[in-house]
Each structure stands twice: as C-alpha cells, then as structure tokens.
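# Structure assessment
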Amino acid sequence: YKHLYTLYLMNTLNYIGSKHTLCPILIKIISQEIPNLGELCFLDMFAGTGSVGFRFQDITNKCFANDLEYYSYIINSALIKCQYSSKLQHILNDCNGLDGVNGLIYKNYSENNECQRMFFTSSNAQKCDAIRIYIQKLLNENDINIDEFHFLLASLIVSIDKVANTSCVYGAYLKEYKKSSLKNMIVLPIHTKTDIKTEFNQVFNLPAEQLSKQDNNYDIVYIDPPYNQRQYSANYFPLNYIASYDETINLKGKTGVIEGYNKSHFCSKVKVYQAFKILLDNLKCKYIFISYNNEGLLNCDELKDLFSSYGELKLYKIPYKKFKAQKNVTGDTVFEFLWFINKTTTNNFIEEIEYFTN
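Parameters at a glance
- Residues numbered from 1 in each chain as written.
- Predicted model: local features only at pLDDT ≥ 70, side-chain atom pairs only at ≥ 80, totals over all residues.
- Heavy atoms only, no water.
- Helix = DSSP H or I, 4+ residues; strand = E, 2+ residues; numbered from the N terminus.
- Buried < 20%, exposed > 50% of the residue type's maximum accessible area, 1.4 Å probe, protein only.
- Contact = heavy atoms within 4.5 Å.
- Areas by Shrake-Rupley, 256 points an atom, 1.4 Å probe, with all protein chains shown as cover.
- Lys, Arg positive; Asp, Glu negative; His and termini not counted.
- Charge placed at Lys NZ, Arg CZ, Asp CG, Glu CD.
- Axes fitted to C-alpha atoms, helices over the stretch in contact; angles between N-to-C directions.
- Parallel < 35°, antiparallel > 145°, perpendicular 65-115°, else oblique.
- Left-handed = near helix turned anticlockwise from the far one by under 90°.
- Nonpolar A, V, L, I, M, F, W, Y, C, P; charged D, E, K, R; others polar.
- Disulfide = S-S within 2.5 Å.
- Pairing = 2+ DSSP bridges.
- Right-handed = clockwise from strand over helix to strand, strands pointing away.

Attention now goes to the overall build of the protein. On a plain count of helices and strands, the protein comes out with 13 helices and 10 strands. In the protein, which comprises 358 residues, the proportion classed as buried is 53%. Across the protein, contacts joining residues at least 24 apart in sequence account for 77% of those joining residues at least 6 apart. Entry remark: accessible area of the protein is about 15,700 Å², with carbon and sulfur atoms responsible for 48%. Averaged over its 37 positive side-chain charges, the protein has a centre that lies 4 Å from the centre of its 37 negative ones.

Before going further, it helps to examine the packing of helix α5 (residues 86-96) against helix α7 (residues 122-140). Orientation of α5 relative to α7, taken along the N-to-C sense of each, is 140°, at an axis distance of 9 Å. In terms of axis orientation, α5 runs oblique to α7. The two elements α5 and α7 meet at a crossing, and its hand is right-handed. Where α5 abuts α7, its residues I91, D94, C95 and N96 lie against K127, I131, Y134, I135 and L138. Grouping the constituent residues of the contact of α5 with α7 by class yields six nonpolar, one polar and two charged.

This part covers the state of the cysteines. Under the defined criterion, the tally for this structure stands at zero disulfides. You can see C23 has no disulfide; the closest cysteine sulfur is in C63, sitting 11 Å from it. C23 sits in the buried class, given a relative accessible area of 0%.

Among the five residues in strand β2 (residues 62-66), four count as buried, and that is most of the element. With four bridges joining them, strand β1 (residues 41-44) and β2 adopt parallel strand pairing. Bridging from a neighbouring strand, F42 pairs with C63 of β2. After leaving β1, the chain enters helix α3 (residues 51-56) and then returns to the sheet as β2, a path that is right-handed.

Any functional reading would require information beyond the geometric quantities listed.
As structure tokens, this is what we get:
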C-alpha cells in the first residue's frame, strides 16, 4: 500500500458543494482583499470536507473549523488538529491487514440474511467494521490519543466513501453494484501533512447560529452554507453512523436513515433568510466571505439586500461545473457567488462583478 499513500496530500469525500476545486480561486480572492492573512485568525463555519480550512491553515495564523455533521467534525479535526506520522502509517497498514467482522455497518448497510441494503459490499462493510472496532480499542487502551483517533477514523470514512455503491450521495443505494464499489477498500491517510499548527487550531460541532452567539472573536469568517433543500444529514447518514458507531441509534426506512437526523435552517426556503440574519447579527469578526450559487434558495437581490447592512460589500461571480450528481438542472455550469463583507468600513455596496475562469 505504501506507493498509494505517496499520491495523496489530502484524501477527500465526493461531496455536494465541495470547494476542493475552487480553493485556488478562493485563496486568490481572499488574499487580494486581505493582504496580512498570516497575522489573522480564520474560521470555516460550514466546513464540510475541510478542503478550505486545510489550505488556509498554511496562510493564516490560526484556523478554526465548524460543522453540524459529526463525520465532518471528525474529518476537520483530522485535517487541522493532527499531524501525519509514521506511527499512524503503521496503524493504517495494520488496519488494511485486518480480517472483516460482522459488525454494525455489515448488519445495517450491506446485504446479508437480515438486511437488503446495498450501500457497501458485504466484504467492504465487514472490513469497515473490523477497522472501526480496532481503532476504538486503541483509543480505549490509550495506545493513541483523541487526535490520532480522529485521524484514523477520518481516514476510514473518506476511504469507505470511495467504494460506496451510490450515485455520489447516500440518499439511496444503487440496485446493482457499480464497478468502483466492487473494489476492495484500502484505507489511505486523510492527509500526509506534518507541519500543522495543532496548538492553535480548533474544531467545533455546532449549528452555525449557535456558534455565532459564543463569545469568540475571529478576523475572517468563511461561510459556505447549504444552497438548497438537500439536508446533508439525510444525504450522508451512513458516514455519521460510522463516526458514532452506536448500536442504540435508531435507523428508519428502506435506506436506514438515522432517526432524528440534523435539519439545517439553511435548507429551508422559509427559514434561510432569518438563519442568515441571526448568524450575521451575532458574528464577531472583521471580514466575512460568503459562498452561495445562482441556484440557491435566496436570489442575488435578496442576498444583496441582506448583506449590504453589515458593511462594505463586494460580489465575485465565479463560473464552475456542476457537481455531477445534480441531474435535475439544465446545463453543466453554475455560478458561485462569493460575497465579501468588510465590516471595518461604512456600509456601501460596490457594484463590481469579477469573473475568474481559471
């Protein structure tokens, strides 16, 4: 497996709204607007796969991340709170050599005598169970610390995602196994970075509105909320189940969705405007960057009206290709709206749109 590990600096989920490919443009724009990034504190408030925070930790003084989903909390903890090490590599090698067991993932998300769900092949589900149980045992016996546990668990989550039998999201499984799902899962490290400022970085697992009300001060806050009615918790629930690995969790329906899964107000047409307002009213920071695309629940005029009351406002319009699971919309290009609110100046909307195509 060793030659495979060298290919990755960061191993990431196939994820709705991921900024993995947009990160270079985000860095370019934010660096242009705020030249002294190296002295400032950065918060990624809807961190998702952690692509943004993972990169911004290198160009800012401190990096914080937050997400409502527990699997995302685990992933972001691994990305900005734990160094890659030879110790972790050896453990991952051991994980890849384990025999599978009939655990919770096999029982609930693969085909067997009592379950017809086909999210993973039986062998990959059994392997996932064996690894999940093994790393929990290492933590319980104090062979690894909590940050190392998060690194190993995050590595498992992003690796099992590579062999999921879905059309990118977990809202439903495919009725026949696709080619990639039949491959044997190999757990790769979530990253291979060894110079993380772990003593400065911090990760939260809270609703964004709740985090904004805490007495924390940030220099820069990046906000990348859900754009539409897709609840992330309903689309990635097996990953939350792997992260929690709690047999007392109730699973419902044909797909085994977690009962009482998280529901974000940003996914509600009725609640999203007020959710934004609560967030922006309470945030203590100097600069805010907000990603939102042209197919979101709020249109450009609504966003402009809302954001302009918080400081000097600038809009960047960035064309990019749609996430490949978005089949219910026409065309293959959407526009990412990146709004910049400068709270250190007087309120004034700047009627300026810039296009970045590279």
